[in-house]
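# Tertiary structure, described
Now for the letters of each chain:
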Amino acid sequence: MAKLTQDELLAQFEELTLIELSEFVKAFEEKFDVTAAAPVAIAAAGGAAAPVEAAEEQDEFDVILDGPGDKKIQVIKEVRTLTSLGLKEAKDLVDTAGAVVLEKVTKEAAEKAKAALEGAGAKVTVK
């Protein structure tokens, strides 16, 4: 098997859905007995551009689900409403700690999603 370059690997990851990428991370963690922390993954994806973005006013936000809370079913329903995912995909997303529900949305959309998810009982972070 030919060794893939870093750019080729990134191109392959770009084609994956969020659920597929989450499953890959789980398999990677099990195979190599490591843990991928969400802040490390975000920092690696941002690369050297992250300090420049911090200086500018942020106009794109990610809504991150920290935990489903006590009302998991209500949270799954809200995730389905926000993302139009199927039931299984939404459940898998809710079961994944630190999962990104929405990426690169406006501040208003991020705050609205956060309020809806917190209203359902979830713990949410907007970055």
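Above this text sits the structure in question.
Residues numbered from 1 in each chain as written. Predicted model: local features only at pLDDT ≥ 70, side-chain atom pairs only at ≥ 80, totals over all residues. Heavy atoms only, no water.

A cluster of nonpolar side chains, namely Leu16, Leu21, Phe24, Val25, Phe28, Phe32 and Val34, defines an oily patch on the protein surface of about 540 Å² accessible area. Here leucine 21 is to be found in helix H2 (residues 18-32). (Patch = residues over 30% accessible without salt bridge, like charges linked within 9 Å, V, L, I, M, F, W, Y side chains within 5 Å. Areas by Shrake-Rupley, 256 points an atom, 1.4 Å probe, with all protein chains shown as cover. Salt bridge = Lys/Arg side-chain N within 4 Å of Asp/Glu carboxyl O. Helix = DSSP H or I, 4+ residues; strand = E, 2+ residues; numbered from the N terminus.)

Looking now at the pairing of strand S2 (residues 99-105). Counting buried positions over the seven residues of S2 gives five, a clear majority of the element. Examined bridge by bridge, strand S1 (residues 61-67) and S2 share four bridges and lie antiparallel to one another. Across the sheet, phenylalanine 61 pairs through a bridge with valine 105, a residue of S2. (Buried < 20%, exposed > 50% of the residue type's maximum accessible area, 1.4 Å probe, protein only. Pairing = 2+ DSSP bridges.)

We now examine the packing of helix H5 (residues 72-83) against helix H7 (residues 107-119). Between H5 and H7, whose axes approach to 8 Å, the crossing angle comes to 155°. For the element pair H5 / H7, the angle class is roughly antiparallel. Judged by the sense of rotation from one axis to the other, the crossing of H5 with H7 is right-handed. Contacts from Val75, Glu78, Val79 and Leu82 in H5 reach Ala113, Ala116 and Leu117 in H7. Counted by class, the contact of H5 with H7 contains six nonpolar, no polar and one charged residues. (Axes fitted to C-alpha atoms, helices over the stretch in contact; angles between N-to-C directions. Parallel < 35°, antiparallel > 145°, perpendicular 65-115°, else oblique. Left-handed = near helix turned anticlockwise from the far one by under 90°. Contact = heavy atoms within 4.5 Å. Nonpolar A, V, L, I, M, F, W, Y, C, P; charged D, E, K, R; others polar.)

All right, on to the nonpolar core then. Residues Val63, Leu65, Val75, Val79 and Leu117 are the most contacted members of the largest nonpolar core, which totals 20 residues. For this core, the secondary-structure elements that each account for two or more residues are S1, H5, helix H6 (87-95), S2 and H7. It is S2 that contributes the most residues to this core, four residues altogether. If sequence neighbours within four positions are ignored, leucine 65 has contacts with Val75, Leu93, Val94, Thr96, Ala97, Gly98, Ala99, Val101, Ala122, Lys123 and Val124. (Core = buried A, V, L, I, M, F, W, Y, C linked by side-chain atoms within 4.5 Å.)

What follows deals with H2. The terminal C-alpha atoms of H2 lie 21 Å apart, and with 15 residues this matches the ideal 21 Å at 1.5 Å per residue to within 8%. Looking one or two residues past H2, aspartate 33 carries a phi angle of roughly 50°, positive in sign. (Expected span 1.5 Å × (residues − 1).)

A separate point is the packing of H5 against H6. Two numbers describe how H5 lies on H6: the axes approach to 9 Å, and their chain directions differ by 115°. Regarding H5 and H6, the two cross each other, and that crossing is right-handed. Each of Lys72, Val75, Ile76, Val79 and Arg80 in H5 lies in contact with H6, whose residues at this interface are Leu87, Ala90, Lys91, Leu93, Val94 and Asp95. In terms of residue class, the contact of H5 with H6 is built from seven nonpolar, no polar and four charged.

Next up on the list: the environment of lysine 88. Position of lysine 88 among the secondary structure elements: in helix H6. For lysine 88, a relative accessible area of 55% puts it in the exposed group. The sequence separation of lysine 88 and isoleucine 76 amounts to 12 residues, and the corresponding C-alpha distance is 9.4 Å.

Attention shifts here to unusual backbone geometry. Although it is not a glycine, lysine 104 adopts a positive phi angle of roughly 50°. Mapped onto the elements, lysine 104 comes out in strand S2. By relative accessible area, lysine 104 is classed as exposed at 61%.

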